[in-house]
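Residues per chain, in single letters:
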Amino acid sequence: MLVAAAVCPCPPLLVPEVAAGAAPELDAARAACADALGVLAAARPDRLLVIGPAEQGGRHPQGTRGSFRGFGVDLDVTLGPGDAPGPELPASLAVAAWLLERTGWTDVPVEGVAVDADLPAGQCAALGAEIRGGNDRIALLVMGDGSASRTLKAPGYLDDRAAPFDAEAARALGTADLAALAALDTGLARGLQASGRAPWQVLAAAAEGADLDGALLYDEAPYGVGYLVAAWS
């Protein structure tokens, strides 16, 4: 049973050491993420699942290590306490691990779930249904960005469809509109490089029957990329 969810963006730039001199530009986003994680903590879940986009899906147990060395920073993170063998965390889950370390999450068992950013909506729904099954009180930390095409200097260049896509995603996340999230266009999201589409659709399916209310905590597009933070409880 899903008892709470936090939605956060996943750019490595959220980590101040990666952002370096530009770090203050995302201070408001970091603060909003901390507030969203506070909502998760207040729900007192039995387990925390962290869902984030990746090139390849897969499970990452508690204690899996991640690194920002690929971004030129000598910084390692761990998804919860422990030392699990296996592949490193993908970037989105490494950012989540950093957020959790920053806010002091240690007591609740945690697991990472990497989701293929192009996972079809039906498979997202199936994964969400699997998550909501069982008797554990589960919280979700859902990582993912909106479009990457909001300005001429954005990674995906300027696309007139980007702002409306992000606006609808922000509205749906801020109101916990499950049907609207499930209806996000997969092809459009791919064209706009919106990595959050698949994780958001997993969240929508996981939240069916949970009767959660949503609150939008942050909605900006620094660097031409849509970054959204929301909390459901």
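Residues numbered from 1 in each chain as written. Predicted model: local features only at pLDDT ≥ 70, side-chain atom pairs only at ≥ 80, totals over all residues. Heavy atoms only, no water.

Focus: the overall build of the chain
Okay, step 1: In terms of regular secondary structure, the chain is built from 8 helices and 9 strands.
Okay, step 2: Compactness check: the chain gives a C-alpha radius of gyration of 16 Å against a globular reference of 17 Å for 233 residues, within 12% of the reference.
Okay, step 3: With the principal axes as the frame, the chain shows a C-alpha extent of 45 × 40 × 30 Å.
Okay, step 4: Within the span of the chain, comprising 233 residues, buried residues form 52% of the whole.
Okay, step 5: Here the analysis covers contacts within the chain between residues at least 6 apart in sequence; of these, 73% occur between residues at least 24 apart.
Okay, step 6: Roughly 9,700 Å² of accessible area belongs to the chain as shown, and the carbon and sulfur atoms make up 51% of that amount. (Helix = DSSP H or I, 4+ residues; strand = E, 2+ residues; numbered from the N terminus. Rg over C-alpha atoms; globule rule 2.2 N^0.38 Å. Buried < 20%, exposed > 50% of the residue type's maximum accessible area, 1.4 Å probe, protein only. Contact = heavy atoms within 4.5 Å. Areas by Shrake-Rupley, 256 points an atom, 1.4 Å probe, with all protein chains shown as cover.)

Considering the packing of aromatic side chains
Okay, step 1: Tallied over the full model, the rule gives 1 aromatic pair.
Okay, step 2: Taken together, a centroid distance of 6.4 Å and an interplanar angle of 45° make the contact between phenylalanine 68 and phenylalanine 71 tilted. (Phe/Tyr/Trp six-rings, centres within 6.5 Å; stacked < 30°, edge-to-face > 60°.)

Observations concerning the sheet that holds strand S2 (residues 47-54)
Okay, step 1: Pairing is mixed across the open sheet formed by 7 strands, whose spatial order is S3-S6-S2-S7-S1-S9-S8. Only two strands of the sheet have a single neighbouring strand rather than two, namely strand S3 (58-60) and strand S8 (214-220). Taking each pair of neighbouring strands and ignoring which way they run, the sheet shows an average axis angle of 20°.
Okay, step 2: Summarising the sheet, S8 and strand S9 (residues 227-232) pair through 6 bridges and their orientation is antiparallel. Each bridged residue has a counterpart across the sheet, and for leucine 216 the counterpart in S9 is alanine 230.
Okay, step 3: Docked against the sheet, helix H5 (residues 162-175) engages strand S1 (2-8), S8 and S9, running at close to 150° with respect to S8.
Okay, step 4: Sheet strands touched by helix H8 (residues 197-206): S1, S2, strand S6 (110-116), strand S7 (138-143) and S9. Its angle to S7, the strand with the most contacts, is close to 160°. (Pairing = 2+ DSSP bridges. Axes fitted to C-alpha atoms, helices over the stretch in contact; angles between N-to-C directions.)

A short note on unusual backbone geometry
Okay, step 1: With phi around 50°, arginine 44 is a residue other than glycine that occupies positive phi space.
Okay, step 2: With respect to the helices and strands, arginine 44 occurs in the loop between helix H2 (27-42) and S2.
Okay, step 3: On the accessibility criterion, arginine 44 (69% relative accessible area) is exposed.
Okay, step 4: Residue glutamine 193 is not a glycine yet carries a positive backbone phi of 60°.

Things to note about the pairing of S2
Okay, step 1: Within S2, 7 of the 8 residues are buried, which leaves it mostly tucked inside the rest of the structure.
Okay, step 2: One ladder, built from 5 bridges, connects S2 with S7; its direction is parallel. The residue of S7 that forms the bridge with leucine 48 is alanine 139.
Okay, step 3: The sheet contact formed by S2 and S6 spans 7 bridges and is parallel.

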